[in-house]
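# Close look at the chain arrangement
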Amino acid sequence: MGKLILTVSGLNEYAANLMRRDFVLRDVKVSGELSDVKWHTSGHLYFTLKDESALIRCVMFSRDAELSFVPQNGMHVIASGHVSLYVQGGQYQLYVKDIEQQGIGELFVRFNKLKEKLESEGLFDSSHKKRLPRLPKAIGVITSETGAVIKDIIDVTTRRFPTMPIYLYPVKVQGIGAAEEIAEGIRVMDSMKLADVLIVGRGGGSMEDLFAFNEEIVARAIYECSIPVVSAVGHETDFSIADYVADMRAPTPSAAAEICVPVLEELYMKLDDLIEDIKNSVSNKLKQERRSNELMMRSYLFKRVHAMVGGEKRRLAGLLKERTLHMEHKLNAERLRQEAVFKALGALSPYFALKRGYAIIKHGEKYVSSADMIENGDNLNIIMYDGVINATACGKETYDGE
Amino acid sequence: MMENRSYEDLMAELELVSKRLSSESLLMEEMVELYERGMELNSILSKMLDSFDARIEKVTLEYTKNEG
């Protein structure tokens, strides 16, 4: 008897039926790595699930394809659904109802456990956090030497402070040994004291990618570091344990550089402004002193202008001398003293007084400074500012006191 | 002396000098002293800002051996 000859459709349908009835294949959970992930315009998701030696094509229809995460090539997932054969095309594929990220749950648990433990030990305490230096002598960076992180930090730093030195300690930022390298980097930079502030971080990625920064060894290295540490791990919405322990958290590497590095131009300007203020204050104060000094001199002179006795002149000059020394001692002492004396003497010079209507009286060669010096009948010369009057004393009256 | 103090410290002192000179009534001696101190601080702080020497260096094991 010959073998039964089937049509292609018949064959495919047979196989499809077989799989539909198989208790394993009709409800299966498969773990593997995503690759070839494609979103169709129809909303259906097509991808391949693979392990080290085999792969299977998968499809997830749009009605089921509401996911809590963005499926990306390389992700490890568990896909649930059934295996069948697409009869018309003859494709053996996995019809996926649900995908979950593999191991994510486990990572979350580890994260929370460690977070609790370190928090209770006080590693996150704000009292332990150090203030960043206003002017670091250099900045240290612990990150991958390739990639956007170090480039962004260099760009921002150079823009703000062109002469600021940058020391990079290159590390693996994910994978086996990464946490140990990061911790070592922090310790080395701490002991070398090349920089006054450290930036520790990496670019965005999945929770698995970032996990080195959730490891205890990194947290302790940050905590024990004597130099302030700024963390810049992942995207703005990612929070790692390193972020909690660090002295400051930056949402991005550029922000970290902005936090650590001041703007050199602004520092120069601030200095200039302060010096300007100081000079203005001093200049104003000197002006005030000089003004009040002159006022004092003038009012004093006015009271004394009619007394022309030599002794009076000397006494006045002496008082002014004292006053000026006291007021402008250090700066212009000598010059102002002389000025003051000249002024006093000038204001008291006979000519000044004559102009105001006072007269100088001479009896022969003698200058008459009191009524006592004159007798009845004495010839006197009354010297006015514009001429001399000859006069004869014809009587006198003296009074006591002024 | 003053050089060992941090930028923040010296800056804070300069700000205090400025504040005192603008508000207080001072004797001439005090004013001159403050002014001179202010100029001295300015000189030190400017030198600090000028003293930076740009470089981008990778710290490797070789580096640590040399420095250590």
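Right above here is the structure, for reference.
If you're wondering where the values come from, they're calculated on a predicted model, not measured in any experiment.

What follows concerns the sheet that holds strand S13 (residues 379-384) of chain A. Residues and elements named next belong to chain A. Taken in spatial order, the 4 strands make up an open sheet running S12-S11-S13-S14, and their pairing is antiparallel. Pairing within the sheet leaves two strands with one partner each, and these edge strands are strand S12 (366-368) and strand S14 (387-392). This sheet shows a mean twist of 35 degrees between the axes of neighbouring strands, independent of strand direction. Sheet topology places S13 next to S14; 6 bridges connect them, and they run antiparallel. The residue bridging asparagine 381 from the neighbouring strand is asparagine 390, located in S14.

Each side of the interface is counted separately: chain A has 32 residues, and chain B has 28 residues. For the side of chain A that touches chain B, the secondary structure elements donating two or more residues are strand S7 (166-170), helix H4 (178-192), helix H9 (264-304) and helix H10 (310-348) of chain A. For the side of chain A that touches chain B, the residue count by class is 23 nonpolar, 3 polar and 6 charged. Bridging between S7 of chain A and strand S1 (residues 56-58) of chain B involves 3 bridges; their strand directions are parallel. The residue of S1 of chain B that forms the bridge with leucine 168 of chain A is lysine 58 of chain B.

Our next topic: the environment of lysine 193 of chain A. Relative to the elements of secondary structure, lysine 193 of chain A occurs in the loop between H4 and strand S8 (197-202). For the pair lysine 193 of chain A and serine 226 of chain A, spaced 33 residues apart in the sequence, the C-alpha separation amounts to 9.4 Å.

All names here are of chain A. Around the barrel, which closes on itself, the 5 strands sit in the order S1-S2-S3-S5-S4 with mixed pairing between neighbours. The mean inter-strand angle of the sheet, taken between neighbouring strand axes irrespective of direction, is 55 degrees. Pairing between strand S1 (residues 28-39) and strand S4 (residues 76-86): 6 bridges, direction antiparallel. If you follow serine 31 over to S4, its bridge partner there is isoleucine 78.

Thresholds applied
- Residues numbered from 1 in each chain as written.
- Chains lettered and ligands numbered in written order.
- Predicted model: local features only at pLDDT ≥ 70, side-chain atom pairs only at ≥ 80, totals over all residues.
- Pairing = 2+ DSSP bridges.
- Helix = DSSP H or I, 4+ residues; strand = E, 2+ residues; numbered from the N terminus.
- Axes fitted to C-alpha atoms, helices over the stretch in contact; angles between N-to-C directions.
- Contact = placed C-beta atoms within 7 Å.
- Nonpolar A, V, L, I, M, F, W, Y, C, P; charged D, E, K, R; others polar.

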